[in-house]
Amino acid sequence: MSTTSMPIASPDSAAGLVAELRKLIDGARQRAAAAVNAELSLLYWQVGLRIHREVLGSERAGYGEQIVATLGLQLASAYGRGWSARHLRLCIRFAQAYPEPTIVHTLCAKLSWSHLRLIAAVDEPLKRDFYAELCQLERWSVRQLQERMQSLLFERSALSRQPEATIRHELQALRQEAPPNPVVLLKDPYLLDFLGLNDRYLERDLEDAILRDIEQFLLELGAGFTFMARQKRLQIDNDDFYIDLLFYNRKLRRLVAVELKIGDFRPEYKGQMELYLRWLAKHEQEADENPPLGIILCTGKKQEQIELLELDKSGIHVAEYLTVLPPREALQAKLQLAMAAARQRLGQDHRDPDPQPEDLP
């Protein structure tokens, strides 16, 4: 009587099969977790919306806090401490921030509840939308979102200096998954306190410090940046020129030249950067890429000179960098002034002028 033996898998084929099965299992788990997260976040929004409507329907003073406290006790008793009054307040805040169901469904599908409750706590709608869109674009963890918000990323973004209509337009483009405009990713100032530089240093010291901590510098630059070269050599008419740092941004699909300067911005920096960008466009830019972008980092800016030189038309962004951070309140006040001044220069300050004596009743 003949017997047939089962084929014995080789170690290599068995390892390959295990790897394939693990990939299938991990993928299914991730999709299941994402689906559960979306349903829970949507539930929290529905709970917050219902309580909010109940509170709005009452004219009794203090009724809102009273009903939230009562509901918290009853729901926590039935479903556990996760349904405390504090959690219900977060649900209400989420519903207040996002009253539109369509927007909520999209957010719940892409961001976790931990992300959403942080973003919903932001009071200004444009700032809130900025963090929601950038969080999706750059795939921030909850910790990264907290750090970006703490570092006043919106106020430091070049986008925040634009008219409100422009900000809305650019954020809407991100929602439609269009390639981001450079103004969305550029900042001013850049926070380089992680470099650990003292009050006195040379440009070479700054460059060395950045390269020692290039990963952190890339995070500060923003999404999609890849380091390409230090002191990139350009030979033009037998003369040698050197770009301090050269990057590529895959989201912008363009080369980015970075020049490091000690001291205030000077007009001659424009010609230097324009030369670099035109050389890169001629010799390094691929057919499917956008024109190169230049970033000039200085310790100080002279705004009128920058405006008269119309650097944005040349694809050049001038920004300050800070190696020592001021108190957060001082930085926030400075950024608020810069935002207001920029919007006023663009002719978008729609606030009514102070009433003149003859206009007063």
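In this report, we go over the structure that sits alongside the text. (Residues numbered from 1 in each chain as written. Predicted model: local features only at pLDDT ≥ 70, side-chain atom pairs only at ≥ 80, totals over all residues. Heavy atoms only, no water.)

## Remarks on unusual backbone geometry
At step 1: For the bond running from Asp 188 to Pro 189, omega is 5°, close enough to zero to count as cis.
At step 2: Along the polypeptide, Pro 189 turns up in the loop between helix 10 (182–185) and strand 1 (190–191).
At step 3: A positive phi angle, near 55°, is found at Asp 237, a position not held by glycine.
At step 4: Take Asp 237: it is sitting in the loop between strand 2 (225–236) and strand 3 (239–249).
At step 5: The phi dihedral of Glu 310 falls on the positive side, at around 50°, and the residue is not glycine. (Helix = DSSP H or I, 4+ residues; strand = E, 2+ residues; numbered from the N terminus.)

## Observations regarding a nonpolar patch on the surface
At step 1: A surface patch of nonpolar side chains, about 380 Å² in accessible area, is lined by Leu 17, Leu 21, Leu 24 and Ile 25.
At step 2: With respect to the secondary-structure elements, Leu 24 resides in helix 1 (residues 11–56). (Patch = residues over 30% accessible without salt bridge, like charges linked within 9 Å, V, L, I, M, F, W, Y side chains within 5 Å. Areas by Shrake-Rupley, 256 points an atom, 1.4 Å probe, with all protein chains shown as cover. Salt bridge = Lys/Arg side-chain N within 4 Å of Asp/Glu carboxyl O.)

## So, the packing of helix 6 (residues 125–138) against helix 9 (residues 164–175)
At step 1: Interhelical geometry of helix 6 versus helix 9 gives an angle of 30° and a closest axis separation of 10 Å. Viewed along their axes, helix 6 and helix 9 adopt a mutual orientation that is roughly parallel. Relative to helix 9, helix 6 is oriented so that their crossing is left-handed. Within the contact between the two elements, helix 6 uses Leu 126, Asp 129, Phe 130, Glu 133, Leu 134 and Leu 137 and helix 9 uses Glu 164, Ile 167, Arg 168, Leu 171, Leu 174 and Arg 175.
At step 2: Residues belonging to the contact of helix 6 with helix 9 are distributed by class as follows: seven nonpolar, no polar and five charged. (Axes fitted to C-alpha atoms, helices over the stretch in contact; angles between N-to-C directions. Parallel < 35°, antiparallel > 145°, perpendicular 65-115°, else oblique. Left-handed = near helix turned anticlockwise from the far one by under 90°. Contact = heavy atoms within 4.5 Å. Nonpolar A, V, L, I, M, F, W, Y, C, P; charged D, E, K, R; others polar.)

## Considering the nonpolar core
At step 1: Ranked by size, the top nonpolar core spans 73 residues in total, and within it Phe 94, Tyr 131, Tyr 190, Leu 206, Phe 217, Phe 247 and Leu 297 carry the most contacts.
At step 2: The residues contacting Leu 206, other than those within four sequence positions of it, are Leu 192, Leu 195, Leu 197, Tyr 201, Leu 260 and Tyr 321.
At step 3: Counting residues in each nonpolar core, the second largest holds 21 residues, with Leu 246, Tyr 269, Leu 277 and Cys 298 among its members. (Core = buried A, V, L, I, M, F, W, Y, C linked by side-chain atoms within 4.5 Å. Buried < 20%, exposed > 50% of the residue type's maximum accessible area, 1.4 Å probe, protein only.)

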